[in-house]
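Descriptive structure summary
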Amino acid sequence: MKRQLIAVFAVAAFFVGCAKPPSGGESKQAEVTGMYTITVHDLDGNEKSLADYEGKVVLMVNVASKCGYTPQYTGLEALYQSLQGKDFVLIGVPSNDFGAQEPGTAQEIKLFCTSNYNVTFPMLEKMPVKNGPEQCELYQYLTHKDQNGMLDAQISWNFNKILIGKNGVPIKHYESKVTPDDPGLRADIEAALAA
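Residues numbered from 1 in each chain as written. Predicted model: local features only at pLDDT ≥ 70, side-chain atom pairs only at ≥ 80, totals over all residues. Heavy atoms only, no water.

With that settled, consider the overall build of the protein. Broken down by element type, the protein carries six helices and six strands. Put simply, the protein runs from its N terminus to its C terminus through helices and strands in the order α-α-β-β-β-α-β-α-α-β-β-α. Within the protein, buried positions represent 43% of all 195 residues. Carbon and sulfur atoms provide 56% of the accessible area of the protein, an area that totals close to 10200 Å². (Helix = DSSP H or I, 4+ residues; strand = E, 2+ residues; numbered from the N terminus. Buried < 20%, exposed > 50% of the residue type's maximum accessible area, 1.4 Å probe, protein only. Areas by Shrake-Rupley, 256 points an atom, 1.4 Å probe, with all protein chains shown as cover.)

Looking now at unusual backbone geometry. Of note in the backbone geometry, Asn118 takes a positive phi value of approximately 50° without being a glycine. Examined against the element boundaries, Asn118 turns out to sit in the loop between α4 (106–117) and α5 (137–143). Take Asn118: its relative accessible area is 57%, and that puts it in the exposed class. Backbone geometry places Phe159, a non-glycine residue, at a positive phi of 65°. Among the structural elements, Phe159 can be located in the loop between α5 and β5 (161–164). On the accessibility criterion, Phe159 (0% relative accessible area) is buried.

Another point: the side chain of Lys161. Looking at the element boundaries, Lys161 is found in strand β5. Buried and without a salt bridge, Lys161 has Glu175 as its closest oppositely charged side chain, separated by 8.9 Å. One polar contact links Lys161 to Gln72, side chain to side chain, over a distance of 2.8 Å. (Lys, Arg positive; Asp, Glu negative; His and termini not counted. Salt bridge = Lys/Arg side-chain N within 4 Å of Asp/Glu carboxyl O. Polar contact = N/O pair within 3.5 Å; in protein donor to acceptor, adjacent residues only side chain to side chain.)

Turning next to the sheet that holds strand β4 (residues 88–94). Across the sheet, which stays open at both edges, the four strands sit in the order β4-β3-β5-β6 with mixed pairing between neighbours. In this open sheet, the two strands that pair with only one neighbour each are β4 and β6 (170–174). Direction aside, the axes of adjacent strands within the sheet are offset by 20° on average. Sheet strands touched by helix α3 (residues 72–82): β3 (57–63), β4 and β5. Its angle to β4, the strand with the most contacts, is close to 155°. (Pairing = 2+ DSSP bridges. Axes fitted to C-alpha atoms, helices over the stretch in contact; angles between N-to-C directions. Contact = heavy atoms within 4.5 Å.)

On to the packing of aromatic side chains, then. Per the stated rule, a full pass over the model turns up six aromatic pairs. Centre to centre, the rings of Tyr73 and Phe121 are 6.5 Å apart; their planes meet at 20°, and the pair counts as stacked. Separated by 48 residues along the polypeptide, Tyr73 in helix α3 and Phe121 in the loop between α4 and α5 bring together distant segments of the chain. For the ring pair Tyr73 and Phe159, a centre distance of 5.5 Å and an interplane angle of 85° mean the geometry is edge-to-face. (Phe/Tyr/Trp six-rings, centres within 6.5 Å; stacked < 30°, edge-to-face > 60°.)

Mapped onto the fold, Gln101 is located in the loop between β4 and α4. By relative accessible area, which is 16% here, Gln101 ends up buried.

It is worth spelling out the packing of α3 against α4 at this point. The interhelical angle for the contact between α3 and α4, taken along N-to-C directions, is 80°, at an axis separation of 10 Å. When the axis of α3 is compared with that of α4, the two are roughly perpendicular. Where α3 abuts α4, its residues Tyr73, Thr74 and Glu77 lie against Phe112, Cys113 and Tyr117. Across the contact of α3 with α4, the residue classes break down as four nonpolar, one polar and one charged. (Parallel < 35°, antiparallel > 145°, perpendicular 65-115°, else oblique. Nonpolar A, V, L, I, M, F, W, Y, C, P; charged D, E, K, R; others polar.)

Next up, the structure:
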């Protein structure tokens, strides 16, 4: 009896070990739904499903109000305005991770952005974006490479940018020094829109 049970377990283990991995299409589907299953809050505290951006090219930017790169808000708003009417959205994600340069409350951040830079693009609640154990769910998805070769990025400072394709899969990571009017960034956005 004992030998029979061992034989049954051995056969079962063999078939489990030999099971086919999901096909490329199934893996892609899991990849695609990752970002769209995440729910966040905007600066007004309203719940926001990232599924609202399905089918759009997204530029996600971690922002801060007291950083040397803060004047990039002007270029970000100009980029956002120049692509109105296309399947594009720019999303600001305030974070206090780098140099404690985003210490304000949600309302202080909103007031700062609108009164100093006329920001109209969507802004999410302040959250931890830096790679590590405290990193929020959204940035865990955006920055960690998986078996399908998704982006493997290190958020190094404020105003890092992540370009996300229409399928919700991150395409490219840009360091803070890449400005919103950078021709390469613009070309990458246009290519993503055309895909």
